[in-house]
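So you can see what is in the structure, the chains are spelled out below.
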Amino acid sequence: MKAILLSSFVFLSTFYLADAQNTGSGDKLPEAPDKAVEAYKIKLNPDTTITRKNTVTIKGQRIPYTVIAGTIPVWDEKENPLAGVFFTYYERSDVTDRSSRPIVFSFNGGPGTPSVWMEIGYTGPRLLKIDSEGYPVQPFGMQDNPYSIIDVADVVYIDPVNTGFSRPISNKIPRETFFGVNADVKYLAGWISTFISRYKRWASPKYLIGESYGTTRVSGLALELQNSRWIYPNGIILVSPTGLGIDRGRVMQDALLLPYYAATAWYHKVLSADLQQKDLTSMLPEVERFTVEEYLPALTKGGSLTEAERKGIAEKVARFSGLKTEVVLQNNLSIGTWFFWKELLRDKGYTIGRLDSRYLGKDKKDAGERPDYNAELTAWLQAFTPAINIYLRDELNFKTDLSYNMFGNVYPWDNENNRTGDQLRQAMAQNPNLHLMVQSGYYDGACDYFNAKFNLWQMDPGGKLQERMTWKGYRGGHMMYLRKEDLASSTQDLRDFILKTIPKEGRGAKYERDK
């Protein structure tokens with residue numbers, strides 16, 4: 001039924017992938033009788049794939065793998081196609097029995113960005129060319145990734161609608177079908193179910209990994225997959241997580257940023273000598289304690305603080321943040337992120353990055369409340385955009401004139417009723433086999449590391465699931481894996497997490513009473 005309906009809808013679609021192979025048709029679509037302009041639009045076949053073979057060496061072992069790239073439809077409740085979702089699927093090809101072979105579904109964030117970042121920057125077998133700290137180098141291009149997790153798990157990189165090459169079948173489909181925290185989770189759960197059936201992965205241990213807004217996505221998917229698709233994951237990995245809909249309030253939100261400020265100030269060597277001489281991870285616990293035990297209560301008291309109390313707190317905030325005491329006082333003890341990125345190195349003529357505060361920028365003028373641009377994001381787009389296009393179009397020979405949307409139009413985005421943190425907790429409660437690992441970069445100012453810890457504390461306020469929750473910190477930013485040192489350690493942490501959380505054969509998924 002789906003195949004029959006799809007054949008009809010391909011001719012009505014708004015986009016087309018040229019030179020389609022396997023399941024797709026390579027014939028050009030006829031123009032609509034009264035709409036000759038339709039013949040000149042780039043059109044999508046929402047159900048097409050290509051297949052390639054390659055090998056990569058990981059830990060001294062040569063790993064053969066198959067790459068399948070293309071689109072699978074999103075279906076509505078009447079089994080009509082709504083969109084073609086682009087994916088790249090890496091499958092280790094010397095494995096014959098996939099019943100115990102883990103499969104990882106990978107998402108990035110935005111919410112309007114594709115899975116490119118982790119595919120060619122983190123876990124995939126091909127890696128973009130950057131320097132050892134993650135900065136762009138020319139000529140742009142690709143190389144093998146000796147740290148890929150393809151040795152232990154197959155991976156699917158998924159581009160949500162309007163990101164990458166993914167597109168709706170028609171612009172008449174309501175945008176709210178795709179673009180909202182709950183709509184996003186709903187249609188992607190259906191897509192994953194279709195993928196699992198097509199590629200015969202129902203028996204495989206299943207994992208979801210998301211970065212940035214992708215952490216919101218996979219947290220919601222954990223429960224949606226279990227409750228509506230009856231798919232029970234073994235692990236969720238959150239890379240640089242958002243707030244997951246967990247309420248903080250303004251006071252809590254301001255206070256929790258201080259440890260990130262301290263880490264960034266330490267990196268730029270603007271702290272006092274006694275703090276600067278300590279290693280980063282030796283210095284941060286002192287800041288974290290102050291944040292929880294003194295700073296948060298002080299912000300809560302607000303105008304009721306005495307002058308002496310206010311000055312005392314301001315001096316400590318200045319000590320840990322690298323800012324001047326008078327600046328902290330002028331801001332009523334609460335330092336906003338945009339101001340911090342502008343202020344920290346203002347006297348040196350630099351701004352610092354949002355997603356990775358190791359990066360430096362130069363504004364037109366030193367005055368002002370916020371940087372003119374995100375120094376890190378422009379660097380990343382400079383490196384990733386040519387690399388992914390070289391990879392998909394030249395290496396894999398995926399033929400299309402569609403633009404690969406690094407940031408697609410997914411707005412307006414409906415953020416109402418974001419309960420994804422609680423949904424993840426509920427999924428873990430319902431599924432004793434479900435484990436969680438969080439990875440954070442200390443210099444990430446958008447999804448900072450201390451807020452990631454706060455998520456874990458508040459998702460499970462009773463401490464009942466803590467033994468299945470793990471947090472890891474790295475000396476990079478939002479995409480900590482761009483640092484070669486962190487790429488090695490973070491991918492090893494992924495391997496360890498996956499292998500540790502595959503249930504032993506025949507072991508029941510159940511809770512057992514304490515004896």
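To be clear, the structure that these remarks concern was listed above.
This is a predicted model, so every value here is computed, not measured. Residue numbering note: each chain is counted from 1, following its sequence as written. The model is predicted, so local features are restricted to residues of pLDDT at least 70 and side-chain atom pairs to those at 80 or more, both for listing and for counting; the totals for chains, interfaces and linings are taken over all residues. In computing side-chain values, all of the structure's heavy atoms are included and hydrogens and water are not.

Asks: Honestly, the overall build of the protein chain in this entry has me stumped. Any pointers?
Replies: A run of H or I in DSSP counts as a helix once it spans at least four residues, and a run of E counts as a strand once it spans at least two, with each numbered from the N terminus. The secondary structure content of the protein chain amounts to 15 helices and 14 strands. A globule of 515 residues ought to have a C-alpha radius of gyration of about 24 Å, and the protein chain, at 24 Å, matches this closely. Considering only C-alpha atoms, the protein chain reaches an extent of 75 × 65 × 45 Å along its principal axes. Scored against the burial criterion, the 515 residues of the protein chain give a buried share of 57%. Restricting to contacts in the protein chain with at least 6 residues of sequence separation, those with at least 24 account for 72%. As displayed, the protein chain has an accessible area near 22,000 Å², and 50% of this comes from carbon and sulfur atoms. By the counting scheme adopted, Arg and Lys are positive, Glu and Asp are negative, and His together with the chain ends is not counted. Charge positions come from single atoms, namely NZ of Lys, CZ of Arg, CG of Asp or CD of Glu. Taking the 63 positively charged and 60 negatively charged side chains of the protein chain as two groups, their mean positions are separated by 2 Å. Just to be clear, the radius of gyration here is over C-alpha atoms, and the globule rule we use is 2.2 Å times residues to the power 0.38. Only protein chains enter the area calculation, which uses a 1.4 Å probe; residues under 20% of their type maximum are buried, those over 50% are exposed, and those in between are partly exposed. Residues are treated as being in contact if the distance between any of their heavy atoms lies within 4.5 Å. All accessibility values rest on the Shrake-Rupley procedure with a 1.4 Å probe; residue burial counts only the protein chains present in the view.

Asks: How should the pairing of strand β7 (residues 154–159) be read in this particular structure?
Replies: The side chains of a regular strand alternate, first on one face of the sheet and then on the other. Counting buried positions along β7 gives 6 out of 6 residues, so the element sits mostly inside the fold. Burial of β7 is two-sided: the residues Asp 154, Val 156 and Ile 158 facing one way and the residues Val 155, Tyr 157 and Asp 159 facing the other way are all buried. Two strands pair if DSSP finds at least two bridges between them. Alignment of strand β3 (residues 81–92) against β7, held across 5 bridges, turns out to be antiparallel. Residue pairing across strands places Tyr 89 opposite Val 156, the latter belonging to β7. Pairing of strand β4 (residues 103–107) with β7 involves 4 bridges; the strand directions are parallel. For Ser 106, the partnering residue across the bridge sits in β7 and is Tyr 157.

Asks: Whenever I open this one, the pattern of salt bridges confuses me. Can you help?
Replies: Opposite charge on two side chains permits pairing when their charged atoms draw close. Salt bridge, as applied in this entry: a Lys or Arg side-chain nitrogen positioned within 4 Å of an Asp or Glu carboxyl oxygen. Inspection of the entire model under this criterion finds 28 salt bridges. With a closest N to O distance of 3.5 Å, Glu 91 and Arg 98 form a salt bridge. Neither residue differs from the other here; Glu 91 and Arg 98 are each classed as buried. Here Asp 144 makes a salt bridge to Arg 126, at a shortest N to O gap of 2.9 Å. Note that Asp 144 is positioned in strand β6 (residues 142–144) and Arg 126 in strand β5 (residues 126–128), a separation of 18 residues in sequence. Asp 144 sits in the partly exposed class, given a relative accessible area of 32%. According to the relative accessible area criterion, Arg 126 is buried, its value standing at 12%. Within the structure, one salt-bridge network assembled from shared partners comprises Glu 133, Asp 356, Arg 358, Arg 483, Glu 485 and Asp 486.

Asks: Where do I start with the packing of helix α8 (residues 280–301) against helix α9 (residues 307–321) in this structure?
Replies: Helix packing geometry: the angle between the two helix axes and the distance between the axes. Put simply, α8 and α9 touch, their axes get as near as 11 Å, and they point 150° apart. It follows from the interaxial angle that α8 and α9 lie roughly antiparallel. Seen from above, α8 lies across α9 with left-handed handedness. Contacts between α8 and α9 involve Glu 286, Val 287, Phe 290, Glu 294, Tyr 295 and Ala 298 from the first element and Ile 313, Lys 316, Val 317, Arg 319 and Phe 320 from the second. The residue inventory of the contact of α8 with α9, partitioned by class, reads 7 nonpolar, no polar and 4 charged. Orientation is described by axes fitted as lines to C-alpha atoms, over the contacting stretch for helices, and by angles from 0 to 180 degrees between their N-to-C directions. Here roughly perpendicular refers to angles of 65 to 115 degrees, roughly parallel to angles under 35, roughly antiparallel to angles over 145, and oblique to all remaining angles. What makes a crossing left-handed is the near helix being turned counterclockwise from the far one by less than a right angle; a clockwise turn instead makes it right-handed. Under the convention adopted here, Pro, Cys and the residues Ala, Val, Leu, Ile, Met, Phe, Trp and Tyr are nonpolar, Asp, Glu, Lys and Arg are charged, and Gly plus all remaining residues are polar.

Asks: For this particular structure, what's the right way to read helix α14 (residues 449–459)?
Replies: Owing to its 3.6 residues per turn, the α-helix aligns residues three or four sequence positions apart on the same side. Of all the 11 residues making up α14, 9 are buried; the element is thus mostly covered by neighbouring parts of the structure. Every buried residue of α14 is listed here: Tyr 449, Phe 450, Asn 451, Ala 452, Lys 453, Phe 454, Asn 455, Leu 456 and Met 459. On its buried side, α14 packs onto α5 (249–255), α6 (258–267), α8, α13 (420–430), β13 (435–441) and β14 (469–474). N or O atoms within 3.5 Å of each other form a polar contact, as long as, within protein, one can give a hydrogen and the other can take it, and as long as residues adjacent in sequence are counted only when both atoms are side-chain atoms. Backbone nitrogen of Phe 450 and a side-chain oxygen of the N-cap are separated by 3.3 Å at the start of α14; the cap is Asp 448.

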